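The lines below spell out each chain.
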Amino acid sequence: MEADALAGEPGGIARRAQLAGLRADAGAGVLFSLHASEPATLTWLPGLDAVLGLPGATGKELCDRLTELLRPLTANLRRTPPGRDFELEQPQDGPDGTPRRIRLRARTVGEGDHTTGLLGVASAVAEAAPEKSALAELSDRYQLLMEQSPDAICVYSGGVVTYANQAALDLFAARAAHEVVSREFADFVAAESAHLLEDHSAEPREAVLKRLDGSKFVAETVSVRTSDSNPPSFQVVIRDSTVKHAAAAAVRAQEALVTHVSDAIVTITAEGIVTGWNPAAETVYGWPAPEALGRRVHEVLGIDPDAASIRDGIAEQTHRGRDGSPRRVRVSATETVDGFLLVCTDETARRRVEQHYATVVAALDEGVLVIGPTGLIQSANPSACRILGVPEAELLGVSCTTLVLFDEDGNRIPDDELPSMHTRRTGITHNGLVVRLRRPDGRDVWVSLTSRLLDPDDPKGATVVTSFTDITERRAISARLAHEATHDPLTRLANRTLVLDRLDRRDGAEAAAVLFLDLDKFKLINDSLGHPVGDQVLRIAGERLRRATGPDDVVGRLGGDEFVIVTSATTGQAQVGVFAAHLRSVLAEPVSVHGRQLHLDASMGIVLVEPDDRRSAEDLLRDADVAMYQAKSRGGGRFEFFDVALRERMQRRLRLEQDLRDAVHSGQLWPAYQPVVDLRTGEMVGVEALLRWTHPKHGAISPAEFIPLAEESDLINVLGKYVLRDTTRELAALRTGRGLDLSLKVNLSVRQLDDPHLVPAVRDALATTGLPPGSLTLEVTESALMRDTSAAAEVLSALRSLGVLLAIDDFGTGYSSLAQLRRLTLDTLKIDRSFITGIADSRDAAAIVTSIIAMAHAVDLTVVAEGVETAEELALLRELGCDQAQGYHLGRPLAAAELFQ
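A quick note: this is a predicted structure, and the numbers were derived from the prediction, not measured.

## Notes on the nonpolar core
Right, on to step 1. One finds Val762, Leu776, Leu778 and Leu799 to be the most contacted residues of the largest nonpolar core, which totals 76 residues.
Right, on to step 2. Apart from residues lying up to four places away in sequence, valine 762 is in contact with Leu724, Leu776, Leu778, Leu799, Leu802 and Val804.
Right, on to step 3. Ranked by size, the runner-up nonpolar core spans 32 residues in total, among them Leu545, Val555, Val586 and Val593.

Shown next, in the form of structure tokens:
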């Protein structure tokens with residue numbers, strides 16, 4: 001053994017010795033350390049020269065001497081496991097020839113099961129011991145060799161173990177010598193190897209032995225008789241054959257592998273002569289083994305693989321089969337004792353498949369990225385580059401986290417949650433994940449993305465394939481269709497479907513308000529100015545409502561001029577009232593369309609939705625609609641809150657409207673007549689026909705209730721024709737039968753003025769009944785005439801051409817002037833009852849009525865006062881010069897049979 005003399009790191013040796021449980025004898029021992037490296041290193045603490053009796057010796061001399069003393073311990077050092085303790089005394093002659101002895105105590109140290117050196121103490125024997133005989137010295141050395149032997153050694157006599165070295169203790173899994181010594185040696189021999197106890201041949205024998213824990217192992221044993229005493233003693237050397245058997249099995253496995261492996265395995269000499277040729281080589285190259293062996297390698301492979309240049313590496317080469325066809329082969333070469341071993345993997349088929357695969361992937365419209373285990377993009381097909389807007393050269397080798405993705409809610413997906421990263425981490429496949437991808441040029445692309453492991457059977461490989469399809473256009477079309485399906489095409493506001501959906505999805509614990517709006521007099525705008533103007537007005541109204549509401553409110557158009565607003569921001573009745581007033585004020589701002597200034601107003605119905613309200617969306621809209629009609633029926637330009645009583649009233653209106661349609665044909669309707677008296681003579685000069693309805697279930701229905709129902713539908717025209725036909729016939733019969741000179745006054749509705757069949761109906765009634773035209777007065781309300789004076793003038797002119805008289809009813813409520821009325825060629829003016837009631841007690845009312853009578857007489861109009869209830873009112877009207885009067889004081893409306901009995 002060679003070593004370098006290094007007397008350094010005294011503190012390091014001391015610490016290591018302390019950790020190993022070694023210490024120097026007080027004042028007499030010196031710690032040393034041997035590291036079995038190449039070259040070996042031997043170090044010691046100061047004082048070694050005194051211990052060895054070589055004062056003043058050089059480091060080289062001390063190193064050589066200590067190395068020699070340790071030789072018995074280092075002979076088998078690498079085969080001795082760490083943690084083994086040894087003690088040895090060696091003779092040493094001093095400089096003067098004085099004999100002395102050196103005691104060496106040492107422990108093997110190392111890493112794991114590998115011994116790397118010794119750590120020990122060298123000390124001089126305190127007192128000179130008697131010289132040992134050569135035989136004793138030999139005995140000590142033999143015992144040391146037995147202790148250091150890597151083979152297990154046992155000595156037994158009479159079948160009882162008397163000695164076992166440390167290797168034997170380790171082999172039998174004993175923690176201490178007493179667990180083996182004094183036990184029967186047969187305890188450590190398996191039953192199938194019991195013959196070992198009888199066969200003491202010095203030849204090696206295989207036997208099955210047992211450890212203390214009962215486990216078995218195969219060992220090679222040599223049994224030698226050591227004495228002829230009775231009983232005799234035997235020494236058994238035991239070497240564990242497990243490793244040897246494993247090696248043999250490995251060799252057999254390798255032979256089987258070479259035979260059955262799919263790769264061609266070829267061994268060649270250094271000169272390139274083939275010496276080995278497995279079955280796979282026959283398949284790959286088409287050469288049978290008997291023909292390939294002994295040939296030069298370039299003959300059978302079609303190329304000189306130059307094994308020396310690719311030793312311990314891999315090369316891609318093109319070989320040739322026996323028929324000359326090319327073989328794309330991956331070759332690896334390993335040097336052997338007398339040449340090289342070649343492993344040739346035929347990748348011809350795989351390369352062909354890869355080429356086909358690459359062609360298909362390159363032709364796909366779908367983008368494909370392969371992302372490696374480190375998260376870097378390894379490959380990208382042309383479609384991926386096109387969709388991402390990045391050239392292939394700028395994609396390869398770049399981290400996948402450079403791809404900026406957003407989910408459908410617009411939130412950026414964190415790097416560690418990207419689909420490829422998640423798939424790599426969990427192995428979970430993502431299919432059809434819709435995300436938004438931000439390209440480097442700032443353009444956003446919607447893609448349907450799939451992320452899966454390249455090899456699902458090898459999840460630790462973590463190579464991920466991400467494929468994606470550009471669905472931007474498809475999504476835009478889908479979004480447009482979805483928007484069109486849920487939005488009004490004219491105003492772009494939510495349509496009925498979307499409004500109902502939002503109401504259905506409202507939070508049940510949250511209060512809300514539903515406002516149903518209907519633009520007042522929109523039909524007049526539409527009819528007079530045309531539908532294009534009407535559409536523009538609707539668009540402006542919708543935009544104003546949208547700007548007047550909050551971002552979370554729903555503003556919708558249900559159709560026509562009906563709008564709805566759903567809000568959760570304002571829920572209290574007072575707050576909603578302020579909100580509704582604000583909406584009306586916004587709508588009331590002048591609208592300029594085609595150079596004309598228009599003014600809008602709206603009737604609104606409001607439903608307050610309390611938390612946990614169980615009404616459906618349809619119910620809420622219905623109730624808001626009911627409240628809106630209530631506002632409409634009260635004159636419009638206002639809002640009404642819904643309540644249950646209102647719903648009941650509206651339901652009654654709906655029922656009555658249907659019953660009214662049936663009443664026309666079932667005889668429930670009949671005309672009543674109220675007398676009109678000449679104030680100068682006190683005689684009845686005419687009667688006003690008034691329609692009455694006797695309901696079979698509810699009895700008499702007030703005209704104030706059913707006439708508005710008829711006005712809101714087409715029933716008013718039907719009722720008007722019915723009244724005109726029956727009353728003219730009845731009065732004509734009275735005039736003829738009783739010789740009465742009475743005129744008939746019949747009311748015309750505003751909707752009747754729009755009926756193109758009105759004039760023919762009047763003409764037919766006169767012709768059929770024979771009533772003189774001058775005996776028929778048609779009464780039109782002032783508000784109806786002022787709605788469109790030019791249109792009214794045209795209709796009234798046509799009626800006047802028939803010879804009938806015309807009257808303006810409810811004068812004073814329509815803000816008209818007598819000059820306007822003069823252009824309509826009227827005959828009679830009826831003062832509204834609101835001016836007559838209380839006239840006897842009000843000087844102002846009397847003054848107004850006086851002025852009306854004077855102005856009417858100035859244009860030759862007959863004046864009729866309505867609603868006369870007292871004798872005082874009648875006397876005052878006579879005094880003021882009023883021509884005629886009617887009212888309960890003069891006579892209530894009665895059927896003809898009662899009035900003329």
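## Regarding the sheet that holds strand β7 (residues 152–157)
Right, on to step 1. Pairing is antiparallel in the open sheet, where five strands are placed in the order β8-β7-β11-β10-β9. In the strand order of this sheet, the two ends are held by β8 (160–164) and β9 (205–210), each with one partner. Sheet twist, expressed as the mean angle between neighbouring strand axes with direction ignored, is 40°.
Right, on to step 2. Looking at chain direction, β9 and strand β10 (residues 216–225) are connected through six bridges and run antiparallel. The residue bridging arginine 205 from the neighbouring strand is threonine 221, located in β10.

## A short note on helix α22 (residues 715–738)
Right, on to step 1. With 24 residues, α22 should reach 34 Å at 1.5 Å per residue; the first-to-last C-alpha distance of 34 Å fits that figure.
Right, on to step 2. In the stretch just after α22, glycine 739 is the one whose phi turns positive, near 70°.

## What to know about helix α3 (residues 59–74)
Right, on to step 1. Residue glutamate 68 marks the point of greatest curvature in α3, where the axis turns by about 35°; the proline proline 72 follows within four residues.
Right, on to step 2. Every buried residue of α3 is listed here: Leu62, Cys63, Leu66, Thr67, Leu69, Leu70, Pro72, Leu73 and Thr74.

## Remarks on the side chain of arginine 436
Right, on to step 1. Tracing the backbone shows arginine 436 in strand β20 (residues 430–438).
Right, on to step 2. When its relative accessible area of 14% is taken as the criterion, arginine 436 is described as buried.
Right, on to step 3. Reaching out from arginine 436, the side chain makes a polar contact with the side chain of aspartate 444 at a distance of 2.8 Å.

## Describing the environment of serine 842
Right, on to step 1. Mapping serine 842 onto the fold places it in the loop between α28 (833–836) and α29 (843–858).
Right, on to step 2. Looking at serine 842, the relative accessible area reads 26%, which means it is partly exposed.
Right, on to step 3. With 646 residues separating them in the primary sequence, serine 842 and leucine 196 have C-alpha atoms 149 Å apart.

## Quick word on unusual backbone geometry
Right, on to step 1. Even without being a glycine, alanine 173 presents a positive backbone phi close to 60°.
Right, on to step 2. As for its position among the elements, alanine 173 is in the loop between α5 (166–171) and β9.
Right, on to step 3. A positive phi angle is found at lysine 521, which is not glycine, with a value near 60°.
Right, on to step 4. Along the chain, lysine 521 turns up in the loop between β23 (512–519) and α16 (522–529).
Right, on to step 5. Using a relative accessible area of 67% as the deciding quantity, one classes lysine 521 as exposed.

## Let's talk about the pattern of salt bridges
Right, on to step 1. Scanning all chains against the criterion turns up 40 salt bridges.
Right, on to step 2. Salt-bridge contacts for lysine 632 lead to aspartate 520; the nearest nitrogen and oxygen are separated by 2.8 Å. Taken together, the residues lysine 632 in helix α19 (residues 617–633) and aspartate 520 in the loop between β23 and α16 connect sequence positions 112 residues apart.

## Overview of the layout of surface pockets
Right, on to step 1. In this structure, the second largest pocket spans a volume of roughly 420 Å³.
Right, on to step 2. Taken together, 22 residues line the second largest pocket, and the ones lying closest to its centre are Arg502, Asp552, Asp553, Val554 and Val555.
Right, on to step 3. For the lining of the second largest pocket, the leading source of residues is helix α15 (residues 496–504), giving three residues.
Right, on to step 4. By residue class, the composition of the lining of the second largest pocket is nine nonpolar, five polar and eight charged.

## Quick word on the confidence of the model for the protein
Right, on to step 1. Mean pLDDT over the protein: 85, with 91% of residues reaching 70 or higher.
Right, on to step 2. When mean pLDDT is compared element by element in the protein, strand β38 (residues 884–885) scores highest at 96, while strand β1 (residues 3–6) scores lowest at 44.
Right, on to step 3. This stretch, residues 1–11, has a pLDDT under 50; its non-local contacts, to residues over four places away or in other chains, come to 26 contacts.

## Describing the packing of aromatic side chains
The geometry of two aromatic rings is summed up by the distance between their centres and the angle between their planes.
Right, on to step 1. By the definition in use, this model includes seven aromatic pairs.
Right, on to step 2. Relative to phenylalanine 185, the ring of tyrosine 156 lies with its centre 4.7 Å away and its plane at 10°, an arrangement referred to as stacked. Pair noted here: tyrosine 156 is in strand β7 and phenylalanine 185 is in the loop between α5 and β9, with a separation of 29 residues, a long-range link.
Right, on to step 3. Relative to tyrosine 285, the ring of tryptophan 277 has its centre 5.8 Å away and its plane inclined at 40°; by these criteria the two rings are tilted. With respect to class, tryptophan 277 is no different from tyrosine 285; both count as buried.
Right, on to step 4. Three or more aromatic residues link up through ring pairs in this structure, and these residues are Tyr156, Phe185 and Phe234.
Right, on to step 5. Over the ring of tryptophan 287 we find arginine 322, and its NZ or CZ is 4.4 Å from the ring centre.
Right, on to step 6. Across from the ring centre of phenylalanine 406, 4.4 Å away, lies the NZ or CZ of arginine 436, which sits over that ring.

## Digging into empty space enclosed by the protein
Right, on to step 1. Applying the stated criterion across every chain yields a total of two cavities of 30 Å³ or more.
Right, on to step 2. Here the largest cavity is characterised by a volume of approximately 110 Å³.
Right, on to step 3. Every element with two or more residues in the lining of the largest cavity is listed here: α13 (419–426), β21 (444–453) and β22 (464–470).
Right, on to step 4. In the lining of the largest cavity, the residues fall into 11 nonpolar, two polar and no charged.
Right, on to step 5. Estimated volume of the second largest cavity: approximately 60 Å³.
Right, on to step 6. For the lining of the second largest cavity, the elements supplying multiple residues, two or more each, are α22, β33 (743–748) and α24 (758–769).

## Quick notes on the environment of alanine 281
Right, on to step 1. Looking at the element boundaries, alanine 281 is found in helix α7 (residues 279–285).
Right, on to step 2. Relative accessible area serves as the criterion here: at 0%, alanine 281 is assigned to the buried category.
Right, on to step 3. The residues contacting alanine 281, other than those within four sequence positions of it, are Ala264, Val266 and Gly286.

## Quick look at the sheet that holds strand β16 (residues 339–346)
Right, on to step 1. Across the sheet, which stays open at both edges, the five strands sit in the order β13-β12-β16-β15-β14 with antiparallel pairing between neighbours. Every interior strand has two partners, whereas the edge strands, β13 (274–277) and β14 (314–320), have only one. Pairwise comparison of adjacent strand axes, ignoring direction, gives a mean angle of 30° for this sheet.
Right, on to step 2. Sheet analysis places β14 next to strand β15 (residues 326–335), joined by seven bridges and oriented antiparallel. Directly across from histidine 319, in β15, lies its bridge partner arginine 327.
Right, on to step 3. Strand contacts of helix α10 (residues 348–363): β14, β15 and β16, with the helix running at about 125° to β15, the strand carrying the most contacts.

About the thresholds
Residues numbered from 1 in each chain as written. Predicted model: local features only at pLDDT ≥ 70, side-chain atom pairs only at ≥ 80, totals over all residues. Heavy atoms only, no water. Core = buried A, V, L, I, M, F, W, Y, C linked by side-chain atoms within 4.5 Å. Buried < 20%, exposed > 50% of the residue type's maximum accessible area, 1.4 Å probe, protein only. Contact = heavy atoms within 4.5 Å. Pairing = 2+ DSSP bridges. Helix = DSSP H or I, 4+ residues; strand = E, 2+ residues; numbered from the N terminus. Axes fitted to C-alpha atoms, helices over the stretch in contact; angles between N-to-C directions. Expected span 1.5 Å × (residues − 1). Bend = angle between axes of the 7 residues up to and from the residue. Polar contact = N/O pair within 3.5 Å; in protein donor to acceptor, adjacent residues only side chain to side chain. Salt bridge = Lys/Arg side-chain N within 4 Å of Asp/Glu carboxyl O. 1 Å grid on protein atoms, 1.4 Å probe; cavity = no way out; pocket = protein on both sides within 12 Å on 5 of 7 lines; lining within 4 Å. Points joined across faces, edges and corners; volume = space filled by probe spheres on them. Nonpolar A, V, L, I, M, F, W, Y, C, P; charged D, E, K, R; others polar. pLDDT = per-residue confidence, 0-100. Phe/Tyr/Trp six-rings, centres within 6.5 Å; stacked < 30°, edge-to-face > 60°. Lys NZ or Arg CZ within 6 Å of the ring centre and 35° of its normal.

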